Amino acid sequence: MPGRAARTTALAAVIAATVVSMPSAHAQPADDALKVYNDLTREAEKLSQDHLKAQGDLSRANGIVVAATEAEKKALAESEQFRGQVDTLTEATFEGARLGDLSAFLTSTSQQDFLERMQAMNIIAADQNAAVSRMNATLTEATKARTDATNAAAAAEKLAADVSTRKVAMEQQVSTARTKYQSLSAPQKQTLAAPGPKVTVNAPAGAAGAALTFALGEQGKPYVFGSNGPNSWDCSSLMQAAYRAAGVSIPRVTYDQAKVGRGVGRGEVAPGDLIIYYSGQSHVAMAVDGTRAVHASTEGVPVKIANIDSIGPISVIRRVVG
């Protein structure tokens, strides 16, 4: 029948279209696997930077606790010193050193003697009042220091928990990325591991040039998440070490490196500038010139040279010195 034939034809067309549109059950293409690996490592790098920043925040918080505790000890020691002065002056008063105006007048042998006695009494009274005032002030300082130490300790405790949480998240992501790396083909691994030709330049004079010389000298060394050198690096530790070698101190993590020095535009890039990538500012490289940068990319990839714009979307560019 014509109607049944038409329906059968239409059904066959729907089934054919469905089969075509269904995802393949075969393994991911090689390029897709590499993209997944790159995405995983970018996330692992961000979590690594988060963990490092949390560690730095915790270290600073613990420093505040120590400083506040020391301030309390100092204030209490000073209050005890002034308390001793108050006790001595009070004892002198009870022993008759501080006479009343009438007593001073009655026992004085002359007008001059009276004036001298009155002056001495005023000095003792002033000293006692000053000692009491200083003692009260140091006790107030000690109380404030104790409050500061308590608050700082509570903040440090929260940060410690945050560090642990971020560490677990980072380790899980790093493990996932490393597992994915093992699934890559041998040619893909070889491509990632290829150091490329080593680049040498006539670095400019000054700290920026010295930092660039150091960074270029690290070409070929491996990237390890969270590594701080000297045999392997992550992106920000390489930048910190490079400027440290040049006598300039910069922060450890990319988020803070994105605030050092002054900002410059893409067209102003000069050797030694820090180029911070991605909206989350989780990766950093150092400009070799206006088109190339040296950086520790990710695990499986050694420190190498890349085109500045090929590394990723640029967030900010910072000139550390000059």
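This structure is a prediction, so every number in the text was calculated from the model and none was measured.

### Some points on the sheet that holds strand β3 (residues 283-287)
Here we have six strands laid out as an open sheet, ordered β1-β6-β2-β3-β4-β5, and antiparallel in their pairing. Looking at strand neighbours, the two that pair on one side only are β1 (262-263) and β5 (304-307), the edges of this open sheet. In the packing of helix α7 (residues 235-245) onto the sheet, the strands contacted are β2 (274-277), β3 and β4 (292-295), and the crossing angle to β3 comes to about 40°.

### Thoughts on the side chain of S232
Assignment of secondary structure puts S232 in the loop between α6 (207-217) and α7. Residue classification places S232 among the buried positions, given a relative accessible area of 15%. Only 2.7 Å separates the side chain of S232 from the side chain of S227, close enough to count as a polar contact.

### Focus: the nonpolar core
Judged by nonpolar contacts, the single largest core of 31 residues is most densely connected at M239, Y243, I250, L274, M286, V294 and V320. Ranked by the residues each element gives to this core, the list is headed by α7, at six residues. Two domains each put at least three residues into this core: domain 1 (32-183) and domain 2 (194-319). Excluding its chain neighbours within four sequence positions, the residues that come into contact with L274 are M239, Y243, I250, Q257, V260, V284, A285, M286, V316, I317, R318 and V320. Ranked by size, the runner-up nonpolar core spans 12 residues in total, among them V264, V269, A285 and I311.

### Regarding the pattern of salt bridges
Going through the model one piece at a time under the given rule, you end up with 16 salt bridges. In this structure, the salt-bridge partner of K46 is D50, at a minimum N-O distance of 3.1 Å. With K46 and D50 both in helix α2 (residues 30-94), this residue pair falls four residues apart, about one helical turn. In this structure D50 comes out as buried when scored by relative accessible area, which is 10%. For R178, the salt bridge is made with E299, and the minimal N-O distance between the two is 2.5 Å. A residue pair is termed long-range when its members are at least 10 positions apart, and R178 in helix α4 (residues 111-182) and E299 in the loop between β4 and β5 qualify at 121 residues.

### Quick word on the packing of aromatic side chains
Both the distance between ring centres and the angle between the ring planes are used here to describe each pair of aromatic rings. For the coordinates displayed, the defined rule picks out three aromatic pairs. Plain terms: the ring middles of Y37 and Y181 are 5.5 Å apart, the flat faces sit at 50° to each other, and that makes the pair tilted. Here Y37 is found in helix α2, whereas its partner Y181 is found in helix α4, with 144 residues between them in sequence. Note on Y37: relative accessible area 2%, which makes it buried. Relative to W233, the ring of F214 has its centre 6.1 Å away and its plane inclined at 80°; by these criteria the two rings are edge-to-face. With F214 in helix α6 and W233 in the loop between α6 and α7, this pair connects stretches of sequence that are 19 residues apart.

### Some points on the pairing of β3
Burial of β3 is extensive: five of the five residues sit out of reach of the surface. In terms of strand pairing, β2 meets β3 through four bridges, oriented antiparallel. Across the sheet, I276 pairs through a bridge with V284, a residue of β3. In textbook terms, the turn of a hairpin is the stretch between consecutive antiparallel strands, and for β2 and β3 this stretch comprises five residues, one of which, Y278, has a positive phi near 75°. The turn joining β3 and β4, which pair antiparallel and follow one another in sequence, is formed by four residues.

Each value, and the rule that gives it
- Residues numbered from 1 in each chain as written.
- Predicted model: local features only at pLDDT ≥ 70, side-chain atom pairs only at ≥ 80, totals over all residues.
- Heavy atoms only, no water.
- Pairing = 2+ DSSP bridges.
- Helix = DSSP H or I, 4+ residues; strand = E, 2+ residues; numbered from the N terminus.
- Contact = heavy atoms within 4.5 Å.
- Axes fitted to C-alpha atoms, helices over the stretch in contact; angles between N-to-C directions.
- Buried < 20%, exposed > 50% of the residue type's maximum accessible area, 1.4 Å probe, protein only.
- Polar contact = N/O pair within 3.5 Å; in protein donor to acceptor, adjacent residues only side chain to side chain.
- Core = buried A, V, L, I, M, F, W, Y, C linked by side-chain atoms within 4.5 Å.
- Domains from an automatic or database assignment.
- Salt bridge = Lys/Arg side-chain N within 4 Å of Asp/Glu carboxyl O.
- Phe/Tyr/Trp six-rings, centres within 6.5 Å; stacked < 30°, edge-to-face > 60°.

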